[in-house]
Structures are given as C-alpha cells and as structure tokens.
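The lines below spell out each chain.
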Amino acid sequence: MLLFSRAVTLGGSPRRVGPWVQQVTDHVRSHSSLDVTAWSCQFGHPLGTVVWNALVESQADLAEATAGLASDGAYLDILESAEGMAVAPGEDALREILHGSPSEPPPLGAVATVTNAVALVDRMADAVGWGIEMAEHIGQVTDMETSVSRCHYGQMGQLTWIGVQPDIAAADAAGAKLRVDPGYISRLTGTAGLFIPGSGHVASFTRIA
C-alpha cells in the first residue's frame, strides 16, 4: 500500500482558501477513484500549508486514477481559480507503508502527528525495525495506531511516522502520556547510529475536508 500526498502552501484570506480546498477535494473524490482527504498544517510547516492524502495500491493505480483529471475541464477550472493563491510550488510525495495501514479515513477535525527522520542508508533495515518497534510501543501507550512508511522519492532513507487522534484533546492526552513514559524515552536513545543527526522533524495537521 502506498500513501500519495500533495502539499501546497496557500496564501490569502481563509474565506477564499477554505472553500477552495473543499471544492477541489470534493471534485477529486467525485471524479476519480481516490478517497482523498485534506489536512491543514497547524505547526511545523509554513502557515497555509495544506496536504491532500490518498491511499493507492501502486503507482500504476495512481496514474490510472488521476489520468482523467488531467483532461477534466471542470477540474482544471478549479485549479485556475486559485491562480495567485499558492505562494510556492506544490510538492508530491509517495510513501510505501511498512506498518499500520489505516482501514478508513479519520473524521473531520482529526489531528495527525507526522514525524520524519532520515536513516543512514547502510542502516536502513535496522532503522525500519526500530521505527516499527517504536510505533507499536506508541500504540500500546496511547491507543493511537501509528503507521511507518518509507519515501519512494526525494530524500533517500527518509522514514515517516503518522499517528492520528480523533481530535486535539485526544492528541494532547497522547502527547502527555508519551512525554513521561519510560519506555518511549529509553527507545529514543536507541536512535544513535541509525539516523542522520538533526534530520528529525515533527509537524501537526488537522483534517479539514
């Protein structure tokens, strides 16, 4: 299973940005086989960052699902209506899910904590093993299923952990549990020699469409 993501940083009034995000999300859902969700970044990326996510079986399935959109006049009109809204080029990502694939999209208002770190290429297998062990421990402590995925493109060796809670209160509670959990803290020390120092990055997203 692969997780396809498209990230765009949008500027301008939320009165314009919010309805446009909803419009493009609804159109893709109704005019393709992609069960796409839209997420707004609250912390960890520039203000206005929005990410669309969809699960696909393969790159071939993704290409087939999006082929019709490329010639869909209504879809292209929606994109053109946002001219000048994007403050930087968008970026696509494709991640192979190694552990914890979700069975259905989380509800509106759900909060996702997304952690990225770049493994040393010659320690990739060990880093993946550590990452899955950590994800399983987080699940035991917080009841939050955390997926582990590996980027197909972009930074070689990048691993991503995504944990989703139904709302911000649940996300706060999960974070509080982890900060005082001895097992979580001790496992963090096990990253020595597995990842490029300073490559860790954490962001928080809320589902908006």
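The written sequence of each chain sets the order in which its residues are numbered from 1. Where local features are concerned, this predicted model is filtered to residues with pLDDT of at least 70; where side-chain atom pairs are given and counted, the filter is 80 or more; whole-chain, interface and lining totals use all residues. Each side-chain value is derived from all of the structure's non-hydrogen atoms; neither hydrogens nor water enter the calculation.

K.L.:
What am I meant to see in the packing of helix 4 (residues 124-142) against helix 5 (residues 168-179) here?
P.N.:
Two quantities define a packed helix pair, namely the angle between the axes and the distance from one axis to the other. Following both chains from N to C, one finds helix 4 and helix 5 inclined at 110°, their axes separated by 9 Å at the closest point. One element, helix 4, and the other, helix 5, form an angle in the roughly perpendicular class. The way helix 4 lies across helix 5 gives a crossing that is right-handed. Across the interface between the two elements, Ile-138, Val-141 and Thr-142 from helix 4 touch Ala-174, Lys-177 and Leu-178 from helix 5. The residue classification treats Ala, Val, Leu, Ile, Met, Phe, Trp, Tyr, Cys and Pro as nonpolar and Asp, Glu, Lys and Arg as charged. All others, Gly included, are polar. Taken together, the residues of the contact of helix 4 with helix 5 sort by class into four nonpolar, one polar and one charged. Between the N-to-C directions of two axes lies an angle of 0 to 180 degrees, each axis being a line fitted to C-alpha atoms and, for a helix, fitted only over the stretch in contact. Under the DSSP-based scheme used, a helix requires at least four consecutive residues in state H or I and a strand at least two consecutive residues in state E, with every element numbered from the N terminus. Here roughly perpendicular refers to angles of 65 to 115 degrees, roughly parallel to angles under 35, roughly antiparallel to angles over 145, and oblique to all remaining angles. Left-handed is the label given to a crossing in which the near helix is rotated counterclockwise from the far helix by less than a right angle, and right-handed is the label when the rotation is clockwise. Working rule for contacts: check all heavy atoms of both residues, and any pair within 4.5 Å makes them a contact.

K.L.:
Looking at this model, I keep getting lost on the pattern of salt bridges. Mind explaining?
P.N.:
Opposite charge on two side chains makes pairing possible when the charged atoms of those side chains draw close. A carboxyl oxygen of Asp or Glu within 4 Å of a side-chain nitrogen of Lys or Arg is what we treat as a salt bridge. Taken as a whole, this structure holds five salt bridges when the rule is applied. Residue Asp-92 is joined to Arg-6 by a salt bridge in which the shortest nitrogen-to-oxygen separation is 2.7 Å. Within this pair, whereas Asp-92 is found in strand 4 (residues 91-99), its partner Arg-6 is found in strand 1 (residues 2-9), the two being separated by 86 residues in sequence. Relative accessible area serves as the criterion here: at 41%, Asp-92 is assigned to the partly exposed category. Accessibility here uses a 1.4 Å probe with only protein chains present; expressed as a share of the type maximum, an area under 20% marks a residue as buried, one over 50% as exposed, and anything in between as partly exposed. According to the relative accessible area criterion, Arg-6 is partly exposed, its value standing at 34%. Linking Arg-29 and Asp-26 is a salt bridge whose minimum nitrogen-to-oxygen distance equals 3.4 Å. Highlighted residues: Arg-29 and Asp-26, both in helix 1 (residues 14-31), separated by three residues, approximately one helical turn.

K.L.:
Where do I start with the pairing of strand 3 (residues 49-56) in this structure?
P.N.:
A regular strand places its side chains so that they alternate between the two faces of the sheet. Counting buried positions along strand 3 gives seven out of eight residues, so the element sits mostly inside the fold. Relative to strand 3, strand 1 is paired through eight bridges, and the arrangement is antiparallel. Across the sheet, Phe-4 pairs through a bridge with Ala-54, a residue of strand 3. Any two strands between which DSSP finds at least two bridges are classified as paired. For strand 2 (residues 37-43) and strand 3, the ladder comprises four bridges, and the chain directions are antiparallel. Residue Thr-37 lies in a different strand from strand 3, and its bridge partner there is Asn-53. Counted along the chain from strand 2 to the antiparallel partner strand 3, the turn is five residues long, and its residue Gly-44 has a positive phi close to 105°.

K.L.:
Looking at this structure, how should I read the sheet that holds strand 5 (residues 111-118)?
P.N.:
Pairing between the strands of a sheet is mediated by backbone hydrogen bonds and can be parallel or antiparallel. The eight strands lie next to each other as 1-3-2-8-5-7-6-4, forming a closed barrel whose pairing is antiparallel. With direction set aside, neighbouring strand axes in the sheet form an average angle of 35°. With four bridges connecting them, strand 2 and strand 8 (residues 201-207) associate as antiparallel partners. The residue of strand 8 that forms the bridge with Ser-40 is Thr-206.

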